[in-house]
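Residue-level structural notes
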Amino acid sequence: MTPEEQSMGDLYPRLLDRLKAGDRFLDVGCCLGQDIRKLVYDGVPGENLVGAELNAGFIDVGYELFGDRDTLRAQFVVANVLEEDAPVWKDLHSQFDVVQLGMILHLFSWEEQVKVFEHAIKLLKPGKKGVSIIGQAVGHLLSEAHPANRKNTFRHNAESFKRLIDQVSTKTGTQWKVEASVDEGLSIYDGKRTWDDPNTRRLLFEVERV
Ligand SMILES: C[S@@+](CC[C@H](N)C(=O)[O-])C[C@H]1O[C@@H](n2cnc3c(N)ncnc32)[C@H](O)[C@@H]1O
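Just so it is clear, the model here is predicted, and its values are computed rather than measured. (Residues numbered from 1 in each chain as written. Predicted model: local features only at pLDDT ≥ 70, side-chain atom pairs only at ≥ 80, totals over all residues. Heavy atoms only, no water.)

Before going further, it helps to examine the overall build of the protein. When you go through the protein residue by residue, the secondary structure sums to seven helices and nine strands. Here the C-alpha radius of gyration of the protein, 17 Å, is about what a compact globule of 210 residues would show, namely 17 Å. With the C-alpha coordinates aligned to their principal axes, the bounding extent of the protein is approximately 45 × 40 × 35 Å. When the accessible surface of the protein is totalled, it reaches about 10600 Å², and 52% of it is carbon and sulfur. Here the protein carries 26 positive and 33 negative side-chain charges, and the mean point of each set is 3 Å from the other. (Helix = DSSP H or I, 4+ residues; strand = E, 2+ residues; numbered from the N terminus. Rg over C-alpha atoms; globule rule 2.2 N^0.38 Å. Areas by Shrake-Rupley, 256 points an atom, 1.4 Å probe, with all protein chains shown as cover. Lys, Arg positive; Asp, Glu negative; His and termini not counted. Charge placed at Lys NZ, Arg CZ, Asp CG, Glu CD.)

Structure below.
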């Protein structure tokens, strides 16, 4: 295990500690809101948690599935992360200590990923050291774009991910400590799907403002 994997291995307990102490968390592409509910289950105050999801149906199904429409204190918004000027984001900018991009990055091209990180930085508390952007995505040992794919979606290895953040850093004039690694988590390459590629991996990342 590399030092990076070791330090990211305790990401969840570190996240829990800071959220229980009052930090605010946004889950972009939250789908059913399962990660938010897990945090509440583990003791985080729901008031400090927001989920943003492109597809309103997922939010509704989440409430139905968990049966907590009247009790869950977290907030959900229907929003497209690529449309940072949409009114729905206005009250959310500059509000968060942690932004999660959970299994969403690989849906976007390199250029869109730059936009997603620029937007994530706007959602974080401005100028505050220690705020972070965390997540996982479908990665690739060789790092590659999918030219056949209409959107040219990009899958990273640790090096290409660091290049992406370097570009974001230069563009935004902000500095970040980047940890990134790829592994075989989430059964990401188990040969069960016809489109499985032996170079597919899970990308894990933690990007902290310094
Ligand atoms: C693969 S799912 C991951 C769900 C969850 N974060 C997880 O880790 O299990 C990707 C989610 O991102 C949402 N999504 C896709 N494009 C989006 C966008 N532009 N803005 C916000 N959410 C988006 C999808 O609707 C879907 O719920």
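So, about the sheet that holds strand β2 (residues 49-53). Paired through their backbone hydrogen bonds, the strands of a sheet run either parallel or antiparallel. Pairing is mixed across the open sheet formed by seven strands, whose spatial order is β3-β2-β1-β4-β5-β9-β8. Strand pairing shows two members of the sheet lacking a second neighbour, β3 (75-78) and β8 (176-183), which therefore form its edges. On average, adjacent strands in this sheet sit at an angle of 15 degrees to one another, irrespective of strand direction. As defined by bridge partners, strand β1 (residues 25-28) adjoins β2 across four bridges and the pair is classed as parallel. Counted as the bridge partner of Leu26 is Val50 from β2. Along the sheet face, helix α4 (residues 56-66) touches β2 and β3 and points at about 155 degrees away from the line of β3. (Pairing = 2+ DSSP bridges. Axes fitted to C-alpha atoms, helices over the stretch in contact; angles between N-to-C directions. Contact = heavy atoms within 4.5 Å.)

The subject of this paragraph is the pattern of salt bridges. Enumeration over the complete set of coordinates arrives at 15 salt bridges. Two residues, Glu206 and Arg14, come together in a salt bridge whose shortest N-O distance is 2.9 Å. Of this pair, Glu206 sits in strand β9 (residues 200-209) while Arg14 is found in helix α2 (residues 11-20), placing the two residues 192 residues apart along the sequence. What makes Glu206 buried here is its relative accessible area of 8%. For the salt bridge of Asp60 with Arg69, the shortest nitrogen-to-oxygen distance reads 3.8 Å. A relative accessible area of 36% means that Asp60 is categorised as partly exposed. The partly exposed category is assigned to Arg69, whose relative accessible area is 46%. Salt bridges sharing common partners tie together Asp10, Arg14 and Glu206. (Salt bridge = Lys/Arg side-chain N within 4 Å of Asp/Glu carboxyl O. Buried < 20%, exposed > 50% of the residue type's maximum accessible area, 1.4 Å probe, protein only.)

In the neighbourhood of the ligand, 14 residues make up the surrounding shell, with Gly29, Glu53, Asn80, Val81 and Gly102 lying closest. Between the ligand and the protein, one listed contact pairs a nitrogen atom with a backbone N or O atom of Leu54 at 3.3 Å. Bound to the protein, the ligand loses 79% of the 590 Å² it would expose on its own. In this structure the site holding the ligand corresponds to the largest pocket. (Near = heavy atom within 4 Å. Polar contact = N/O pair within 3.5 Å; in protein donor to acceptor, adjacent residues only side chain to side chain. 1 Å grid on protein atoms, 1.4 Å probe; cavity = no way out; pocket = protein on both sides within 12 Å on 5 of 7 lines; lining within 4 Å. Sits in = over half its atoms within 2 Å of the grid points.)

Turning our eyes to something else, we now look at the environment of Gly139. Residue position: Gly139 is located in strand β5 (residues 132-140). Between the C-alpha atom of Gly139 and that of Phe161, which follows or precedes it by 22 residues, the distance is 9.4 Å. Apart from the residues within four sequence positions on either side, Gly139 is in contact with Arg155, His156, Asn199, Thr200, Arg201, Arg202 and Leu203.

Let us look at the layout of surface pockets. The space that makes up the largest pocket amounts to roughly 880 Å³. Forming the boundary of the largest pocket are 37 residues, of which Asp27, Asp35, Gln100, Gly102 and Met103 lie nearest the centre. Elements with a minimum of two residues in the lining of the largest pocket: α1 (3-9), α2, β1, α3 (34-41), β2, β4 (98-102), β5 and β9. Of the residues forming the lining of the largest pocket, the biggest block, four residues, is contributed by α3. (Points joined across faces, edges and corners; volume = space filled by probe spheres on them.)

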